[in-house]
Amino acid sequence: QVQLVESGGGLVQAGGSLRLSCAAPGSILSINVMGWYRQAPGNQRELVASITKGGSTYYADSVKGRFTISRDNAKNTVYLQMNSLKPEDTAVYYCNVDLYTISSGQYISWGRGTQVTISS
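So, a few notes on the structure that sits alongside this text. (Residues numbered from 1 in each chain as written. Predicted model: local features only at pLDDT ≥ 70, side-chain atom pairs only at ≥ 80, totals over all residues. Heavy atoms only, no water.)

Our next topic: the side chain of Thr101. Structurally, the position occupied by Thr101 is in strand β9 (residues 91-101). Within the structure, the side chain of Thr101 is placed 3.0 Å from the backbone nitrogen of Ser104, a separation counted as a polar contact. (Helix = DSSP H or I, 4+ residues; strand = E, 2+ residues; numbered from the N terminus. Polar contact = N/O pair within 3.5 Å; in protein donor to acceptor, adjacent residues only side chain to side chain.)

This part is about the pairing of strand β5 (residues 46-51). As paired elements, strand β4 (residues 30-39) and β5 share 5 bridges and run antiparallel to each other. By the bridge assignment for β5, Trp36 is matched with Ala49. The antiparallel pairing of β4 with β5 creates a hairpin that spans 6 residues between the two strands, and Gly42 there sits at a positive phi of about 80°. Pairing between β5 and strand β6 (residues 57-59): 3 bridges, direction antiparallel. For Ala49, the partnering residue across the bridge sits in β6 and is Tyr59. Between β5 and β6, which pair antiparallel one after the other, the connecting turn spans 5 residues, and Gly55 there sits at a positive phi close to 100°. (Pairing = 2+ DSSP bridges.)

This paragraph deals with the sheet that holds strand β3 (residues 18-23). Taken in spatial order, the 4 strands make up an open sheet running β1-β3-β8-β7, and their pairing is antiparallel. Looking along the sheet, the strands with just one partner apiece sit at the ends: β1 (5-7) and β7 (67-72). Pairwise comparison of adjacent strand axes, ignoring direction, gives a mean angle of 15° for this sheet. Alignment of β7 against strand β8 (residues 77-82), held across 6 bridges, turns out to be antiparallel. Bridge pairing in β8 places Thr68 opposite Gln81. (Axes fitted to C-alpha atoms, helices over the stretch in contact; angles between N-to-C directions.)

What follows covers the nonpolar core. By size, the foremost hydrophobic cluster in this structure holds 31 residues, and its most contacted members are Trp36, Phe67, Ile69, Val78, Leu80, Met82 and Tyr93. Where this core is concerned, the elements lending two or more residues are β3, β4, β5, β7, β8, β9 and β11 (114-119). Sequence-distant contacts of Leu80, that is, excluding residues within four places in its chain, are made with Leu18, Arg19, Leu20, Trp36, Val48, Ala49, Phe67, Thr68, Ile69 and Tyr93. (Core = buried A, V, L, I, M, F, W, Y, C linked by side-chain atoms within 4.5 Å. Buried < 20%, exposed > 50% of the residue type's maximum accessible area, 1.4 Å probe, protein only. Contact = heavy atoms within 4.5 Å.)

We now examine the state of the cysteines. Taken as a whole and judged by the stated rule, the model has 1 disulfide. The disulfide that involves Cys22 links it to Cys95, with 2.1 Å between the sulfurs. Where Cys22 bonds to Cys95 through sulfur, the torsion about that S-S bond is close to -85°, and the disulfide is left-handed. A residue pair is termed long-range when its members are at least 10 positions apart, and Cys22 in strand β3 and Cys95 in strand β9 qualify at 73 residues. (Disulfide = S-S within 2.5 Å.)

On the surface, Leu29, Tyr100 and Ile102 cluster together to form a nonpolar patch covering roughly 340 Å² of accessible area. Within the secondary structure, Ile102 is located in the loop between β9 and β10 (105-110). (Patch = residues over 30% accessible without salt bridge, like charges linked within 9 Å, V, L, I, M, F, W, Y side chains within 5 Å. Areas by Shrake-Rupley, 256 points an atom, 1.4 Å probe, with all protein chains shown as cover. Salt bridge = Lys/Arg side-chain N within 4 Å of Asp/Glu carboxyl O.)

The analysis is restricted to geometry; functional conclusions fall outside its scope.
Quick look at the structure:
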């Protein structure tokens, strides 16, 4: 199965910005929804943002106006631009992709996660 490749996490001060990337390498026939989830210690994993193949987006209320999700269909890559970061944005961020391959059919792939830490 496809192993997603995430990058872009790190430590920044409150008010700063980070850009996460997630690429889906390999022989992929199609990708429908791509998204980002996050999980803070002691909390459940939550959907932060998602984007369909056609470009329709969803954002959690907590990130609206601060985060922007985008995708490059030619590169099978999804991005999450995070601005005006707050300490409560601190979490492990996971990429999530709904894809279809010849070998495995349709399935949901998860990234291994990238740590985002916002200092106050």
